[in-house]
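# Summary of the model geometry
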Amino acid sequence: MRLIIKRILSLIIIFGLLFTSFACNKTESYDQGIYLSEDQTRQALATTDLAIGSQSKLKLIYTNERVDKTWDSGTTYNREHIWPESKLKSTKQKVDLHNIRASNPSVNLSRANYPFANKLDGGSYGLIAPENITFYPGEDDCGDVARIIMYMYVVYEKTLKIEDVIVDENLLLVWHEVDPVDDFEIARNDRIANDTLQGNRNPFIDDPDLAYVYFGDNDLNIGYIWLIGFIVYVGAVVYITFYQKNHRNKSLKDATSLMILYTIIISFIWNWWLTLLMIIIVSGLYNYLKKRNCNN
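Let me begin by describing the structure that accompanies this report. Everything numeric here is computed off the predicted structure, so don't read it as measured data.

### Examining the pattern of salt bridges
Under the defined criterion, the tally for this structure stands at eight salt bridges. Here R101 ties to D49 by a salt bridge, and the two come within 3.4 Å at their closest N and O atoms. Here R101, found in strand β4 (residues 100–103), pairs with D49, found in the loop between α2 (38–48) and β1 (57–59); they are 52 residues apart in sequence, far enough to count as distant. Residue classification places R101 among the buried positions, given a relative accessible area of 2%.

### Structural notes on the packing of aromatic side chains
Following the criterion strictly, the structure yields eight aromatic pairs and no others. Seen from their ring centres, Y62 and F116 are 6.4 Å apart, and the 55° between their planes marks the pair as tilted. Taken as a pair, Y62 in the loop between β1 and β2 (66–68) and F116 in the loop between α4 (105–111) and β5 (126–127) lie far apart in primary sequence, 54 residues in all. Accessibility assignment for this pair places Y62 and F116 in one class, buried. Relative to Y214, the ring of F204 has its centre 5.8 Å away and its plane inclined at 80°; by these criteria the two rings are edge-to-face.

### Focus: the nonpolar core
Nonpolar side chains in soluble globular proteins generally cluster together in the buried interior. Formed by 36 residues in total, the largest nonpolar core has its most connected members in F116, I149 and F215. Listed by contribution, the elements that provide at least two residues to this core are β6 (135–136), α5 (142–155), α6 (171–178) and α9 (210–215). At eleven residues, α5 tops the list of elements feeding residues into this core.

### Digging into the packing of α2 against helix α7 (residues 183–192)
Between α2 and α7, the shortest axis-to-axis distance is 10 Å and the interhelical angle comes to 130°. The pairing of α2 with α7 is recorded here as oblique in orientation. Every pair of crossing elements has a handedness; the one defined by α2 and α7 is right-handed. Taken together, the residues of α7 that come into contact with α2 (itself represented by L45, T47 and T48) are R188, R191 and I192. Across the contact of α2 with α7, the residue classes tally to two nonpolar, two polar and two charged.

### Considering the environment of R42
Note that R42 resides in helix α2. Take R42: its relative accessible area is 18%, and that puts it in the buried class. Sequence separation between R42 and V95 is 53 residues; the distance between their C-alpha atoms is 9.4 Å. Not counting residues up to four positions away in its chain, the partners in contact with R42 are W71 and R79. A polar contact is formed between the side chain of R42 and the side chain of D39, at a distance of 3.1 Å.

The rules behind these values
- Throughout this document, residue positions are counted from 1 along each chain, in the order its sequence is written.
- With the structure being a predicted model, the display of local features is reserved for residues of pLDDT at least 70 and the display and counting of side-chain atom pairs for 80 or more, all residues being used for whole-chain, interface and lining totals.
- The basis for the side-chain values is all heavy atoms of the structure; hydrogens and waters are excluded.
- By salt bridge we mean one thing: a side-chain nitrogen of Lys or Arg within 4 Å of a carboxyl oxygen of Asp or Glu.
- Strands here are runs of E lasting at least two residues and helices are runs of H or I lasting at least four, both read from the DSSP assignment and numbered beginning at the N terminus.
- Relative accessibility under 20% of the residue-type maximum defines a buried residue, over 50% an exposed one, and the middle range a partly exposed one, all with a 1.4 Å probe and only protein chains included.
- Only rings of Phe, Tyr and Trp enter the pairing, Trp through its six-membered ring, and a pair is recorded when the two centres are within 6.5 Å. The plane angle decides the type: under 30 degrees is stacked, over 60 is edge-to-face, the rest tilted.
- Residues belong to one nonpolar core when they are buried, are Ala, Val, Leu, Ile, Met, Phe, Trp, Tyr or Cys, and are joined through side-chain atoms within 4.5 Å.
- Axis angles are defined between N-to-C directions and span 0 to 180 degrees, where every axis is a line fitted to C-alpha atoms and, for a helix, only to the segment in contact.
- When describing relative orientation, an angle under 35 degrees is termed roughly parallel and one over 145 degrees roughly antiparallel, while 65 to 115 degrees is termed roughly perpendicular and anything else oblique.
- Crossing handedness: left-handed means the near helix sits turned counterclockwise from the far one by under a right angle, and right-handed means the same turn made clockwise.
- Contact criterion: two residues are considered in contact whenever any of their non-hydrogen atoms come within 4.5 Å of each other.
- Under the convention adopted here, Pro, Cys and the residues Ala, Val, Leu, Ile, Met, Phe, Trp and Tyr are nonpolar, Asp, Glu, Lys and Arg are charged, and Gly plus all remaining residues are polar.
- Polar contact criterion, stated in full: a pair of N or O atoms within 3.5 Å, where within protein one must be able to donate a hydrogen and the other to accept it, and residues adjacent in sequence count only if both atoms are side-chain atoms.

The analysis is restricted to geometry; functional conclusions fall outside its scope.
What follows is the structure in structure tokens.
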């Protein structure tokens, strides 16, 4: 019977890990595409950032101005790195077209490399008073900014520090909902995906629900997975306590060891304090049953 219990709990561990991996969907990687030179990215904006319905006007980030696409050495527009260029770690990251938007030069200068933050009253873009060390992208562009940040963080496999670009990661989903994907983003994504430019896509524009997979709260799902294992464990200890005649303490020890191992493995993707609480519960139950068996 001890062998059967071990096998059942081992299967629960394997099932839990596989299901957790599927539920969290954290392992999928996205093609980073091909990359242009810095000067080519500036030229590419004349194509990628065209306003809807126009072949001559660009739509600028934050201000939503429409300006002539003809390059005039940065007087009318220049390049804004949503994830600040000074915070990026490689040339590929610095020239990724998904992260570069045409911008009003004075607004770009004002934003500098300050992280994004929320403005309580919403409204227009700009530095947030009184400190003026954070920047609000505006209601019309906060979703665009959020999806670019999510793209950069996921595509570059979390080599970047998200606190470098936004003060509160939870804002990503808030902004994602406040400012949903629009026609301009879809068109821009299609243009960047062209093989003559970068040749890859922002998956958070193609499938907005991915934002919840990568940046949503998975604690509840993981909690259910742990609970399944715990229910099986409780069933095993009930059987051992009331129906097994020999080697009760040994069987309890084996079952508890597997359950604690299962909990520790889940801790890699769960809150550490919840994991500690679960281990305390399991250990406490084991010690109680062990003493009970010794007294019987």
